[in-house]
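Spelled out, the chains give:
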Amino acid sequence: MLRTRVEPETFRQEWLSIPTSDTDFSCVAQCDGEIVGMGFLDLVDGMGQPGMPQRTQGVMGYMLEPDCAGRGFGTDLARGLLCAAFDRLGLRRVMASCNADNMASVRVLEKAGMRREQHGIQDSWHAELGWVDGYQYALLDHEWRNNHP
Ligand SMILES: CC(C)(COP(=O)(O)OP(=O)(O)OC[C@H]1O[C@@H](n2cnc3c(N)ncnc32)[C@H](O)[C@@H]1OP(=O)(O)O)[C@@H](O)C(=O)NCCC(=O)NCCS
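Residues numbered from 1 in each chain as written. Predicted model: local features only at pLDDT ≥ 70, side-chain atom pairs only at ≥ 80, totals over all residues. Heavy atoms only, no water.

**Some words on the sheet that holds strand E2 (residues 34-44)**
So, point 1. Strands sit in the order E1-E2-E3-E4-E6-E5 across an open sheet of 6 strands; the sheet is mixed. Each having just a single partner strand, strand E1 (27-31) and strand E5 (115-126) make up the two edges of the open sheet. The sheet shows a mean angle of 25° between the axes of neighbouring strands, direction not considered.
So, point 2. By the bridge criterion, 8 bridges tie E5 to strand E6 (residues 130-140) in an arrangement that is antiparallel. Paired with Ser124 across the bridge in E6 is Val132. (Pairing = 2+ DSSP bridges. Helix = DSSP H or I, 4+ residues; strand = E, 2+ residues; numbered from the N terminus. Axes fitted to C-alpha atoms, helices over the stretch in contact; angles between N-to-C directions.)

Listed below in structure tokens is the structure:
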């Protein structure tokens with residue numbers, strides 16, 4: 001999601017490898033048969049001492065086809081990723097980050113029920129703007145279940 005340009009064939013190969021990946025559960029979002037966006041979900045480890053259960057956390061993100069923005073797809077996609085992470089993959093915690101000035105993404109994450117845990121001052125590099133502030137959001141499985149019994 002952080003790339004500013006992609007090599008189409010490399011990108012295609014990356015997506016083709018997702019169905020056999022143990023850690024990459026990225027997906028596309030469709031509406032009436034058209035792809036309207038991409039959702040990213042990677043299994044990761046947090047920091048921990050020996051004995052820490054492996055791959056209990058996910059990092060998610062999303063990107064819409066620009067023409068499809070503003071119609072609720074971003075919010076649906078974020079909720080779908082959380083549903084996959086908690087209800088299908090049984091993850092313990094899911095995280096997501098966005099630039100602090102990305103109000104659409106802030107709203108998507110908050111409408112999906114995620115909790116803002118960090119405001120990182122100039123912690124993110126933007127290709128045109130340089131160092132900018134970032135927000136980190138997270139949600140735990142019991143928080144998800146409380147809202148989706
Ligand atoms: C961020 C993104 C996924 C939002 O998707 P979307 O489908 O437009 O979002 P929704 O239609 O579900 O709208 C979610 C909320 O954001 C608000 N919103 C949308 N565009 C906005 C904008 N430019 N500025 C402020 N708020 C905005 C909507 O009003 C809505 O809030 P509301 O329900 O309180 O009115 C989409 O704009 C996108 O793909 N952007 C480029 C990639 C990106 O930034 N990805 C996230 C990186 S962290």
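There is more to say, and it comes next.
**Some points on the site of the ligand**
So, point 1. Around the ligand sit 20 residues, and of these Leu64, Gly70, Gly72, Thr75 and Lys111 come closest.
So, point 2. Between the ligand and Lys111 there is a distance of 2.6 Å, counted from an oxygen atom to a side-chain nitrogen or oxygen.
So, point 3. About the coverage of the ligand: the protein hides 63% of its 930 Å² of free accessible area.
So, point 4. If you tally residues by element for the shell around the ligand, the top one is helix H3 (residues 103-111), at 6 residues. (Near = heavy atom within 4 Å. Polar contact = N/O pair within 3.5 Å; in protein donor to acceptor, adjacent residues only side chain to side chain. Areas by Shrake-Rupley, 256 points an atom, 1.4 Å probe, with all protein chains shown as cover.)

**A closer look at the packing of aromatic side chains**
So, point 1. Evaluated as defined, the whole model comprises 5 aromatic pairs.
So, point 2. By way of ring pairs, the aromatic residues Phe11, Trp15 and Phe40 are connected into one cluster.
So, point 3. Here Arg116 stacks its cationic end above the ring of Tyr135, 3.6 Å away from the centre of that ring. (Phe/Tyr/Trp six-rings, centres within 6.5 Å; stacked < 30°, edge-to-face > 60°. Lys NZ or Arg CZ within 6 Å of the ring centre and 35° of its normal.)

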